[in-house]
2 protein chains.
Amino acid sequence: MNINNLFFHINYCNMRQADEPWKYKAKLTRTLDHHELLLATGGKGSVVIANRRYNAQAGDIFYIPEHTMQSIESDFNDPLYFISVHFCYANVFFSDNNWSVKSEARELPLSSIKKVENIYQINHLFWRLVSGWYAKLPGYEFSSKALLQQLIFELYTNEKVENRNYSVELKIESVIKYMHENIDKKLTLSQLADMVNLSPTYLSRAFKERTGYSIIYFFNKLKIDKSKELIIDGDRKIKEVAKELGFGDEFYFSRLFKKIEGVSPLDFYSNNVHEF
Amino acid sequence: MNINNLFFHINYCNMRQADEPWKYKAKLTRTLDHHELLLATGGKGSVVIANRRYNAQAGDIFYIPEHTMQSIESDFNDPLYFISVHFCYANVFFSDNNWSVKSEARELPLSSIKKVENIYQINHLFWRLVSGWYAKLPGYEFSSKALLQQLIFELYTNEKVENRNYSVELKIESVIKYMHENIDKKLTLSQLADMVNLSPTYLSRAFKERTGYSIIYFFNKLKIDKSKELIIDGDRKIKEVAKELGFGDEFYFSRLFKKIEGVSPLDFYSNNVHEF
């Protein structure tokens, strides 16, 4: 799932505090039509997600996708309390100066439980999000949304660092760095794989997994991003830009640009820039 | 303009550094079909936005709306350098479980120039955004977007603090706080105006300006937000919730809920919750 074009809508936030246990049922089993992130803040209990039971301790973050059976069970004498955010999302696309939106059925790539007791930053983001939502000061919807996105990004990044092969992460970063330094060249998958001592197949799969893009598409995207800057701010001709980015052929460059951006580079220029 | 539902698309970022002045024209006059935020980082020059000339100094942030004549002029001996982000946005709506998107022609409510030399946080956000965009490490599009939203929010908030009557800001915050504490009551505009020693007309206008909502709509929205939490997580009956939030009449509550959320509270419940 590519999370880059997601637009988030916050349904509401929840803050179950220690001082009002009588307000809540000890056990609530159901599915919801929206997603939920929940940070346990104290007390005792457990969270069941899709038939798997997790003990909940202060500092645990649970991700419960939509349409997933969930049960929050609280200890009678020491009730569980938590903060949570209920949200949904859709994919928004911008291509050829047109916007479109499509609902997104897939789950976020997050694990069901994450222990973040020691990760001050993630806890802090979660608190800022929920308390900002509650305080409802001017601009709270906009800032809550930015905080939710950041929270999801941090959880996502943190997961990758925890669960995966750290040396592969570093190798992918060095591949990207190498692409930057050789943006005017042609690079092949096997060349890049050799450089970091991985098999082309392995590098290819790992790269796609981490970035959401195939390695060659990513390198082309990098060139196209750079070309936008050169075309608009460098005020350079398409032909020059194509050459500068290592395309032998200006027409191939134009086709690629159109494939990635939805418009040709010439139209991109004339849509965006009106000189005087 | 209500900025709450904006979805941002980053066209590209730009980083004009001191070591490559020959790359750029000394003067570039044009209009663009997207918005631009620019942070001057050094050198000398000026930025002309819609026929008004501003001297550019390190730490100045310029907002150049789309379709606006702009000219960036650089000193020959001490060229201006800067970082910038080019972006566009649309309004995304979620109502009655349906998504829709509509392009947004209005400008962001930001001033053309803002001096932020001493505001470390805003500068830092801008740098994180642009350098993250350039490094293109996994997830950069998602995180750049979250950072852009935060940057815009900070600029927006900062502007309000700077340009406006600080005591009015505080009064609006205390009105919101009072609403929270009296969420189970009926409140009138004149009652709230009395409380903060403002005329109803003045409070009404100022409130709308800061929050994007009329004062009564905002109070209703506050109640509806709370009701969503009570309906879903408190597992309470619609009738009870209406009473708890100070609606004499459950049907009035339902109509209001539908007006704000696009669905009735009963449908909201059954759309969202499937109990077992």
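Residues numbered from 1 in each chain as written. Chains lettered and ligands numbered in written order. Predicted model: local features only at pLDDT ≥ 70, side-chain atom pairs only at ≥ 80, totals over all residues. Heavy atoms only, no water.

Caption draft 1: Quick look at the state of the cysteines. Taken as a whole and assessed by the stated rule, the structure comprises zero disulfides over all chains. For C13(B), which is in no disulfide, the shortest distance to another cysteine sulfur is to C88(B) and amounts to 13 Å. (Disulfide = S-S within 2.5 Å.)

Caption draft 2: Just the relation of the copies chain B and chain A, in detail. In screw terms, the move from chain B to chain A is a rotation of 180° and a rise of 0.0 Å along the axis, fitting with an RMSD of 0.0 Å. Both chain copies can therefore be described as sitting about a two-fold axis. Residue A146(B) of chain B places its C-alpha closer to the rotation axis than any other residue of that unit, at 2.7 Å. Of the interface residues in chain B, 100% have counterparts in chain A that sit at the interface too, so the contact is made through matching surfaces. (Least-squares fit on C-alpha atoms with pLDDT ≥ 70 in both. Contact = heavy atoms within 4.5 Å.)

Caption draft 3: Geometry of the interface of chain B and chain A. The interface of chain B with chain A comprises 76 residues on the first partner and 76 residues on the second. Between chain B and chain A, a total of about 7100 Å² is buried, with carbon and sulfur atoms accounting for 57% of that surface. For the chain B face of the interface with chain A, the top three residues by lost area are W99(B), F142(B) and D233(B), together amounting to 12%. Scanning the region where chain B abuts chain A turns up four salt bridges. Salt-bridge contacts for D225(B) lead to K136(A); the nearest nitrogen and oxygen are separated by 3.0 Å. Taken together, chain B and chain A are joined by 25 residue pairs in polar contact (both at pLDDT 80 or more). (Buried area = accessible area lost by both parts, 1.4 Å probe. Salt bridge = Lys/Arg side-chain N within 4 Å of Asp/Glu carboxyl O. Polar contact = N/O pair within 3.5 Å; in protein donor to acceptor, adjacent residues only side chain to side chain.)

Caption draft 4: View of the pairing of strand β8 (residues 81-95) of chain A. Residue and element names in this part refer to chain A. Burial analysis of β8 places 11 of its 15 residues in the buried class, the great majority of the element. Here strand β1 (residues 6-16) pairs with β8 via 10 bridges, running antiparallel. Counted as the bridge partner of Y12 is H86 from β8. The sheet contact formed by strand β3 (residues 35-42) and β8 spans seven bridges and is antiparallel. The residue of β8 that forms the bridge with H35 is F87. Sheet topology places β8 next to strand β9 (residues 98-103); six bridges connect them, and they run antiparallel. From the neighbouring strand, F94 faces β9, where its bridge partner is W99. Taken together, β8 and the strand that follows it, β9, pair antiparallel across an intervening segment of two residues, in which D96 is found at a positive phi of about 50°. (Buried < 20%, exposed > 50% of the residue type's maximum accessible area, 1.4 Å probe, protein only. Helix = DSSP H or I, 4+ residues; strand = E, 2+ residues; numbered from the N terminus. Pairing = 2+ DSSP bridges.)

Caption draft 5: How the structure looks around the pattern of salt bridges. Inspection of the entire model under this criterion finds 24 salt bridges over all chains. Taking the shortest distance from any N to any O, the salt bridge between R106(A) and E104(A) comes out at 2.9 Å. Salt-bridge contacts for K115(B) lead to D60(B); the nearest nitrogen and oxygen are separated by 3.1 Å. One end of the pair, K115(B), is in strand β10 (residues 113-115); the other, D60(B), is in strand β6 (residues 60-64), and 55 residues separate them in sequence. By relative accessible area, K115(B) is classed as partly exposed at 44%. A relative accessible area of 0% places D60(B) in the buried class. Look at the salt bridges and you will find they share partners, linking K136(A), D225(B), K228(B) and E261(B) into a network.

Caption draft 6: Representation of the pairing of β3(A) within the structure. All names here are of chain A. Counting buried residues along β3, seven of its eight residues qualify, which places the element largely inside the surrounding structure. As defined by bridge partners, β3 adjoins strand β6 (residues 60-64) across four bridges and the pair is classed as antiparallel. The residue bridging L37 from the neighbouring strand is Y63, located in β6.

Caption draft 7: Inspection of the domain arrangement of chain A at higher detail. Annotation of chain A at the domain level lists domain 1 (6-119) and domain 2 (167-272). Taking only C-alpha atoms into account, the centre of domain 1 of chain A sits 38 Å from that of domain 2 of chain A. (Domains from an automatic or database assignment.)

Caption draft 8: Focus on the environment of D75(A). Residues and elements named next belong to chain A. With respect to the secondary-structure elements, D75 resides in the loop between β7 (70-74) and β8. Along the primary structure D75 and K136 are separated by 61 residues, whereas in three dimensions their C-alpha atoms are 31 Å apart. There is a polar contact of 2.9 Å between the side chain of D75 and the backbone nitrogen of N77. In this structure the side chain of D75 is engaged in a polar contact, spanning 2.8 Å, whose partner is the backbone nitrogen of D78.

Caption draft 9: Fine view of the nonpolar core. Formed by 70 residues in total, the largest nonpolar core has its most connected members in M179(A), L37(B) and F87(B). Among residues more than four places away in sequence, those in contact with F87(B) are F8(B), H9(B), I10(B), N11(B), H34(B), H35(B), E36(B), L37(B), Y63(B), L108(B), L148(B) and I152(B). (Core = buried A, V, L, I, M, F, W, Y, C linked by side-chain atoms within 4.5 Å.)

Caption draft 10: Expanded view of the environment of C88(B). Looking at the secondary structure, you find C88(B) in strand β8 (residues 81-95). Given the relative accessible area of 7%, C88(B) is considered buried. Expressed as a C-alpha distance, the spacing of C88(B) and S190(B), which sit 102 residues apart in the sequence, is 40 Å. Not counting the four nearest positions on each side in its chain, C88(B) is found in contact with F94(A), W99(A), F7(B), F8(B), H9(B), N11(B), H34(B) and H35(B).

Caption draft 11: Main features of helix α3 (residues 166-181) of chain B. All names here are of chain B. Look at α3: 23 Å from first C-alpha to last across 16 residues, which is about the 22 Å you get at 1.5 Å a residue. Inspection of α3 places V168, E169, I172, V175, I176 and M179 among the buried residues, and these make up the whole buried set. The buried residues of α3 occupy an angular sector of 120° when projected down its axis, which confines them to one face. Turned more than 90 degrees away from the buried face of α3, the exposed residues are Y166 and K177. (Expected span 1.5 Å × (residues − 1). Arc of directions from axis to C-beta.)

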